[in-house]
Amino acid sequence: METRPPNPLPRFTAAAVQASPVYLDPGATVDKAVSLIAEAAAHGAELVVFPEVFVPGYPYWNWTMNPVQGSPWFERLQRASVDVPGPYVDTLRAAARQYGVVLVIGVNERAPHSLGVLYNTLLTIGQDGALLGVHRKLVPTWAEKLTWTGGDGSSLRVHPTPIGPLGALACGENTNTLARFTLLAQGELVHASCYIALPVAPADYDMAEAIAVRTAAHSFEGKVFSVVACSTVSPEIIDLLAGDDEELRTLFSRPRSALSGIFGPDGRPVTEPLVDDEGIVYAEIDLARCIQPRQMHDITGHYNRFDIFRLEVDNRPRRPVTFTAPPHSPLPQHLTGPLTGPQAARPEEDA
């Protein structure tokens, strides 16, 4: 009788990118992303994770201005945002294919149906350039509600990839227990956590520590690897948003506002995380390390009571309008036939 060896779990190098966008310039930011993808691939990375809304940046004005002052900035962001599908996404897809990486990157996505709707969106792109996932952040956090509309459950998916089952959440979603469980229950083994630097947080809030705690929690609870990528605040962003306001300049320069790294299924960093500075964190991920910890705690398997607990997820796409017939169907015959009666124009009257 023929026996086959068990299918090996993937082992690969992951890269977490910590960088600033070229603020509100989608073309230059995508070019920067492509350059960083090439750099990561040259170091052997097969998975490259970028920050939340990397293209073309985060709406910090929501935290430092009142809504009236921030409205012109919303317009600037809307004009600089990304269409999905669209040319900027095509460039990112081509880069993933050229360099043979699985790519997760955050963008501001324009809605096709409304000029007032922007989504905080994570794109997951395969090694062949296929657009695997478009996840819209379910609930914008706090001041972010002035900019983004929430997504729906249709994008809470885990994608089969050559580097393993991959899921992704944006920033504060990584505190949403039910969203995280939804991904784990679909077999997630690699989790992309995408963040922004938050120097404008309350004074007693340590963003770097908060990112580390959330990432460790998901990795430990789910016995998965987490790749966390956070943006930074460049001097150019400070100049643009703070200008000559020294108080704001000091606020935007606040330390411990960003952390990127890679965490293992024991909840510990695989390598030293990067705090505040731009750079790329690399680490080797061996998914076989996810097996033994699950003998202890498998919250999507034996360490749960599904006879007691049940999670139901509405994964239907939500649209602003539903038609009972296709919207581009032919008009009824009585509206398209020749005019009769007094409304019918005579040929000589049209001459």
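Check the entry above for the structure.
Reference entry: report on the structure contained in this document.

Basis of the calculations
- Residues numbered from 1 in each chain as written.
- Predicted model: local features only at pLDDT ≥ 70, side-chain atom pairs only at ≥ 80, totals over all residues.
- Heavy atoms only, no water.
- Helix = DSSP H or I, 4+ residues; strand = E, 2+ residues; numbered from the N terminus.
- Buried < 20%, exposed > 50% of the residue type's maximum accessible area, 1.4 Å probe, protein only.
- Lys, Arg positive; Asp, Glu negative; His and termini not counted.
- Charge placed at Lys NZ, Arg CZ, Asp CG, Glu CD.
- Disulfide = S-S within 2.5 Å.
- Pairing = 2+ DSSP bridges.
- Contact = heavy atoms within 4.5 Å.
- Axes fitted to C-alpha atoms, helices over the stretch in contact; angles between N-to-C directions.
- Salt bridge = Lys/Arg side-chain N within 4 Å of Asp/Glu carboxyl O.
- Expected span 1.5 Å × (residues − 1).
- Polar contact = N/O pair within 3.5 Å; in protein donor to acceptor, adjacent residues only side chain to side chain.

**Comments concerning the overall build of the protein**
- Each helix and strand counted, the protein has 11 helices and 12 strands in total.
- Its C-alpha atoms put the protein at 85 × 75 × 45 Å along the principal axes.
- The 351 residues of the protein split such that 48% are buried.
- Each charge class in the protein can be summarised by its mean position, and for the 27 positive and 39 negative side chains these summaries are 7 Å apart.

**Details of the state of the cysteines**
- Counting across every chain of the model gives 0 disulfides.
- The closest cysteine sulfur to the non-disulfide-bonded Cys230 is located on Cys171, 7.5 Å from its own sulfur.
- We classify Cys230 as buried; its relative accessible area is 0%.
- Residue Cys290 stays outside any disulfide, its sulfur separated by 18 Å from that of Cys194, the closest cysteine.

**Re the sheet that holds strand β7 (residues 164–170)**
- Spatially, 6 strands are ordered β6-β7-β8-β9-β10-β11 in an open sheet, and the strand pairing comes out mixed. Unpaired on one side and paired on the other, β6 (159–161) and β11 (274–275) mark the two borders of the sheet.
- Looking at chain direction, strand β8 (residues 190–195) and strand β9 (residues 225–230) are connected through 6 bridges and run parallel. If you follow Tyr195 over to β9, its bridge partner there is Cys230.
- Here helix α5 (residues 177–184) sits on the sheet and contacts β7 and β8; the angle it forms with β7, its principal contact strand, is near 165°.

**Section: the pattern of salt bridges**
- Evaluation of the coordinates by the stated rule reveals 18 salt bridges.
- As a salt-bridge pair, Asp314 and Arg316 come within 2.7 Å of each other at their nearest N and O atoms.
- For Asp314, a relative accessible area of 34% gives the class partly exposed.
- When salt bridges that share partners are traced, they join Arg11, Glu284 and Asp286 into one network.

**Structural notes on the sheet that holds strand β3 (residues 102–110)**
- Within the open sheet, the 6 strands sit side by side as β5-β4-β3-β2-β1-β12. Their pairing is mixed. One side of each edge strand has no neighbouring strand; the edge strands of this open sheet are β5 (131–136) and β12 (279–286). Strand after strand, the sheet turns through a mean of 25° between neighbouring axes, direction not considered.
- Its contacts with the sheet put helix α1 (residues 26–42) on β1 (11–18), β2 (45–49), β3 and β12, and the angle it makes with β12 is roughly 45°.

**Comments concerning helix α6 (residues 207–222)**
- Counted at 1.5 Å a residue, the expected span for α6 with its 16 residues is 22 Å, and the 23 Å between its end C-alpha atoms agrees.
- Among the residues of α6, Met207, Ala208, Ala210, Ile211, Arg214, Thr215, Ala216, His218, Ser219 and Gly222 are the ones counted as buried.
- Residues of α6 that are buried sit in contact with α5, β8, β9, β10 (259–263), β11 and α9 (291–296).
- The backbone nitrogen of Ala208 lies 3.2 Å from a side-chain oxygen of the residue at the head of α6, namely Asp206.
- Where α6 terminates, the next one or two residues include Lys223, which has phi positive at roughly 55°.

**Digging into the side chain of Glu144**
- Mapping Glu144 onto the fold places it in the loop between β5 and β6.
- Exposure remark for Glu144: the relative accessible area of 2% places this residue in the buried category.
- A polar side-chain atom of Glu144 sits 2.8 Å from a polar atom in the side chain of Lys137.
- Filtering out sequence-adjacent residues up to four positions away, Glu144 remains in contact with Tyr58, Asn62 and Lys137.

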